[in-house]
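So you can see what is in the structure, the chains are spelled out below.
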Amino acid sequence: MAERSLLFVPGSRPERFGKALAAGADIVCIDLEDSVAPEGKAAARAAAIAFIAEQGAPSGLWLRINPVRSKVGLADLLAVLDSSVAPATLMLPKLTDAADLALLDEVIGDRDITLVPLIETAAGLRNAAAIATARRVRALLFGAVDLSAELGCTLDWEPLLHARATLVAAAAEGGVGLFDVPHIDVADADGLRAGTLRAKALGFTGRACIHPAQVDAVNTVFTPTEAEIARARRVLEAFEQAGGGVALLDGKLIEIPVVRAARRVLGVAAG
């Protein structure tokens, strides 16, 4: 299934877990990190793990634990591994070094758990390619808010363009998905759509959301239009008719990179 939208739900609000699953997002991620106060970490952890087990750990229900180099993050990880039904995917905030992923791979062992590093530091950005190509990595998430604070820049598109482009290249090298940072102004529907369109054009494969009202717009942007699907089919037909060689379509050259892009469009459209 194409993973276009990722909806966060606070681990401290278990009454919202079911509602989040019904919001239409491709992925729901229960958050044990930023949205949970220190005194509420243990209760949120227990509620999240219980809910995930109750749901049967579907592939579209993730868990964001605390940083693995913190005491609370290690407690999260141990609780997950001690559970008889672990989440299919763990999101890892503040991930800066691929060596952490190698250690996690050993600790997780034969459990079928994939990982989604959150790139939100200068060190993480520098090591993005090594992180994206590590074992178990399913996707990356761009943590623009934390990164902008570290860099001393604003959250505007231009100051963070280099970071986004770096992550697009890293995700492509690793053959994994890439989610953009949530649009933090929930009431700004126009800004959400405009920013999501720019992220898609740059090469992102999806976007995170912090409110159910954002999900439909993100899904719409990352779903190919009928015109895009029709164009992709024509590209493949022209390529096949040329016997796999160079072809022309509407006066434009059709080569392997164009064919790959067309197949990607049809793959997303097929879900």
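Look up: the structure comes first, before these words.
Residues numbered from 1 in each chain as written. Predicted model: local features only at pLDDT ≥ 70, side-chain atom pairs only at ≥ 80, totals over all residues. Heavy atoms only, no water.

(A) Structural detail: the packing of aromatic side chains. For the structure on display, the rule yields 2 aromatic pairs. The interplanar angle of 85° and the centroid separation of 6.1 Å between the aromatic rings of Trp62 and Phe179 together place this pair among those described as edge-to-face. Placement of Trp62 in strand β3 (residues 61-64) and of Phe179 in strand β7 (residues 177-180) is noted, with a sequence separation of 117 residues between them. Phe179 carries the same exposure label as Trp62, and that label is buried. Sitting above the plane of the Phe8 ring, Arg64 keeps its charged end 4.7 Å from the centroid. (Phe/Tyr/Trp six-rings, centres within 6.5 Å; stacked < 30°, edge-to-face > 60°. Helix = DSSP H or I, 4+ residues; strand = E, 2+ residues; numbered from the N terminus. Buried < 20%, exposed > 50% of the residue type's maximum accessible area, 1.4 Å probe, protein only. Lys NZ or Arg CZ within 6 Å of the ring centre and 35° of its normal.)

(B) The arrangement of the pairing of β7 in detail. Taking every second residue as pointing to the same face, both faces of β7 are buried, with Gly177 and Phe179 on one and Leu178 and Asp180 on the other. Relative to β7, strand β6 (residues 139-142) runs parallel, the two being bridged by 3 bridges. Following the sheet pairing, Leu141 is matched in β7 by Phe179. In this structure, β7 lies alongside strand β8 (residues 206-209), joined through 2 bridges in parallel fashion. Opposite Phe179, over in β8, you have Gly206 as the bridge partner. For the crossover that starts at β7, traverses helix α9 (residues 189-202) and ends in the parallel β8, the hand is right-handed. (Pairing = 2+ DSSP bridges. Right-handed = clockwise from strand over helix to strand, strands pointing away.)

(C) Quick peek at the layout of surface pockets. Here the largest pocket is characterised by a volume of approximately 770 Å³. If you trace the largest pocket, you find 25 residues lining it, with Gly203, Phe204, Thr205, Arg264 and Val268 closest to the centre. Listed by contribution, the elements that provide at least two residues to the lining of the largest pocket are α8 (161-174), β7 and α12 (256-269). Of all the elements, α12 adds the most residues to the lining of the largest pocket, at 4 residues. Along the lines of polarity and charge, the residues of the lining of the largest pocket split into 15 nonpolar, 4 polar and 6 charged. (1 Å grid on protein atoms, 1.4 Å probe; cavity = no way out; pocket = protein on both sides within 12 Å on 5 of 7 lines; lining within 4 Å. Points joined across faces, edges and corners; volume = space filled by probe spheres on them. Nonpolar A, V, L, I, M, F, W, Y, C, P; charged D, E, K, R; others polar.)

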